[in-house]
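# Residue-level structural notes
Single-letter residue listing:
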Amino acid sequence: MHETINIPGKYRNLVTKLSKLFLDNIISQSTFSKQYDVILFKEIINEDIPLHFYVGLQTKYSKELYVTGDAYNPTEEFSDQIPYIEISIATNNNKEHRSEIAMKLRNALRHEIEHLTQSGLNTLPGKYLPDDQLKRALSNSKEYLLLEKEVPAMLKGLHFRAAKERRLFLDVIEEYFQSSFLDESEIIEVKKKWQQVAKKLNLPDIM
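Residues numbered from 1 in each chain as written. Predicted model: local features only at pLDDT ≥ 70, side-chain atom pairs only at ≥ 80, totals over all residues. Heavy atoms only, no water.

### Quick notes on the pairing of strand β5 (residues 84-91)
- By the criterion of burial, β5 is predominantly enclosed, with eight of the eight residues buried.
- Here β5 shows no split at all, with Tyr84, Glu86, Ser88 and Ala90 on one side and Ile85, Ile87, Ile89 and Thr91 on the other all buried.
- Summarising the sheet, strand β4 (residues 66-72) and β5 pair through seven bridges and their orientation is antiparallel. What sits directly across from alanine 71, in β5, is isoleucine 85. (Buried < 20%, exposed > 50% of the residue type's maximum accessible area, 1.4 Å probe, protein only. Helix = DSSP H or I, 4+ residues; strand = E, 2+ residues; numbered from the N terminus. Pairing = 2+ DSSP bridges.)

### A look at the pattern of salt bridges
- Following the criterion strictly, the structure yields 13 salt bridges and no others.
- Here glutamate 114 makes a salt bridge to arginine 110, at a shortest N to O gap of 3.1 Å. One end of the pair, glutamate 114, and the other, arginine 110, are both in helix α2 (residues 95-116), four residues apart, so they sit about a helical turn from each other.
- Overlapping salt bridges bring together Arg161, Glu165, Arg167 and Glu175 as one network. (Salt bridge = Lys/Arg side-chain N within 4 Å of Asp/Glu carboxyl O.)

### Some thoughts on the side chain of arginine 110
- Its relative accessible area of 4% is what places arginine 110 among the buried residues.
- Look past the residues within four positions of arginine 110 in its chain and what remains in contact with it is Tyr11, Val15, Lys156, Gly157 and Phe160. (Contact = heavy atoms within 4.5 Å.)

### Considerations on the nonpolar core
- Counting residues in each nonpolar core, the largest one holds 31 residues, and the members touching the most others are Leu14, Leu18, Phe53, Ile87, Ile89 and Ile113.
- Core analysis: the second largest hydrophobic core is formed by 18 residues, Met154, Phe169, Leu182 and Trp194 among them. (Core = buried A, V, L, I, M, F, W, Y, C linked by side-chain atoms within 4.5 Å.)

Right under this line is the structure:
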């Protein structure tokens, strides 16, 4: 049996509460195995956005910090299947890692929650985007960042991180691209597309 948690409010409150829940579980974990172990699984209900999904956290020991998220969501516009967000964190659980985990975790959660609103059970009005799995499988790094589903998810996640860290959105965007594997011409191409979408989403300029 799993616990169902009702988290009210909009995206900021939802992501903040989930981040705290995850961090509390990581901090309280005394040992980490060399393979991923699921240490948390909850059913989340939010009646304000609204959203309904499962969320899981898996961790393992690693000297290098690694935080990523995945959304398992039906690609149809309408579905009765409850989607699942999985967050994976590899860490040595020291204090330096924990502060960085908090930053990356908020970004990952907001990113994946945005994907839940693009199809399936949680599709929001005007936000449905069709299946792009084939394009994802065939895309390189630049093409992936230009996928129609990825652009708003990336922007929403990075903007949430900037807000929580009280940093300029532009600075967080620049930091992201500097740590990417794109060359300068590719970065410019991606940023031009992101800037167009950022305006539509009423987000600050990124160029």
